[in-house]
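# Close look at the chain arrangement
So you can see what is in the structure, the chains are spelled out below.
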Amino acid sequence: MNYLWGFMIVIGVVYAAFHGTLPEVTEAAIGSAKEAVTLSIAMMGVMSFWVGIMRIAENAGIIQGATKKLMPFLRFLFPDIPKDHAANRYIATNMIANVFGLGWAATPAGLKAMEELEKLEDERRKVSGSKAREPFGVASNEMCTFLIVNISSLQLISVNMLAYRSQYGSVNPAAVVGPAIIATAVSTGAAILFCKIAGRRKKI
C-alpha cells in the first residue's frame, strides 16, 4: 500500500510538472490538509458524544439488557459460544454501535470480542488436548462470522455519514438514511446467508 500511494504521488507531481500545474497541486495539498484537520475536529466532537452515550448505556445496564434481547439472534449466529461467555456482551455492544452507524465507537467492542473469541478457542484447545477445531493461526468459525457480519453492519442511522454531509454543507444530510438502511439490510442478510452456508459446508 505504501508503494502504491508513493507511486501515485510521484506520478501526480511529474504530470503536474510537465503541464505547468504544480502551483495548483501545492495549493490543493495545503487546502486538503487544512480541510482534513477541520473535519477531524468536527468528527471528534460527534464521536466523543456518541462514545460517551455508549459508555453511559453500558454503566447503566442498558447494554446488558440489550444483550439479553439480542441473545436469540446471537445464538442463531454463534450457536457454539456459551450463553454466559463474555464474547456475547462485546459482540452485542459492537452490533448496537454499528446499527447507529457509530463505526468508531464499535471498534473497541469489536476488538474485545475478537480477544474473547480467541480465548474461547484456546480453552477448546486445552479441553481437547490441543486438538482444537482450528489450528493455531487460523481464525475460528465464530471469528469469521463476526468479522463478516461486522463489516456488512446493518445501519438504521448512519451518524458518521450524517456528520460528514453536515460538515460539507449538505442541504438534506438525512437523505441517505433510507438508502443506507436498505443497502446495509441487504448486505447483512447476504453476509448471514454466506456464513451459514460456509459453516454448514465446513462441518460436512
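Quick summary incoming for the structure in this document.

About the cut-offs
Position numbers for residues count from 1 along each chain, tracking the sequence in the order it is written. Residues qualify for local features only when their pLDDT is at least 70, as the model is predicted, and side-chain atom pairs are given and counted only at 80 or more; totals for whole chains, interfaces and linings, by contrast, use all residues. The side-chain values count all of the structure's non-hydrogen atoms but skip hydrogen atoms and water molecules. The disulfide criterion used throughout: a pair of cysteine sulfur atoms within 2.5 Å. Exposed residues in this analysis have more than 50% of their type's maximum accessible area, buried residues have under 20%, and partly exposed residues fall in between, with area computed by a 1.4 Å probe over protein chains only. Side-chain atoms within 4.5 Å link the members of a nonpolar core, which is a set of buried Ala, Val, Leu, Ile, Met, Phe, Trp, Tyr and Cys residues. By the criteria applied, helices consist of DSSP H or I runs no shorter than four residues and strands consist of E runs no shorter than two, each listed in order from the N terminus. In this analysis, two residues are considered to be in contact whenever any of their non-hydrogen atoms come within 4.5 Å of each other. Axis angles are defined between N-to-C directions and span 0 to 180 degrees, where every axis is a line fitted to C-alpha atoms and, for a helix, only to the segment in contact. An angle below 35 degrees is treated as roughly parallel, one above 145 as roughly antiparallel, one from 65 to 115 as roughly perpendicular, and anything else as oblique.

## Section: the state of the cysteines
Within the structure shown, the criterion is met by zero disulfides. Cys144 carries a free sulfur, and the closest cysteine sulfur to it, the one in Cys195, is 8.1 Å from it. The exposure class assigned to Cys144 is partly exposed, which follows from its relative accessible area of 34%.

## Concerning the nonpolar core
In this structure, Leu74, Phe78, Ile91 and Met95 are the most contacted members of the largest nonpolar core, which totals 17 residues. Contributions of two or more residues to this core are made by α3 (62-77), α4 (86-99), α5 (103-127) and α6 (141-152). When residues in this core are grouped by element, the largest group, five residues, is from α4. Excluding residues that lie within four positions of it along the chain, Met95 makes contacts with Phe73, Leu74, Leu77, Phe78 and Val149. In this structure, Met47, Ala57, Ile63 and Ala105 belong to the second largest nonpolar core, which totals nine residues.

## Overview of the packing of α3 against α4
Remark: α3 packs on α4, axes separated minimally by 9 Å, with the N-to-C direction vectors making an angle of 100°. Taken together, the axes of α3 and α4 are roughly perpendicular relative to one another. The segment α3 lies against α4, with Ile63, Ala66, Thr67, Leu70, Met71, Phe73, Leu74 and Leu77 engaging Asn88, Arg89, Ile91, Ala92, Thr93, Met95 and Ile96.

All quantities given are derived from atomic positions and should not be read as evidence of function.
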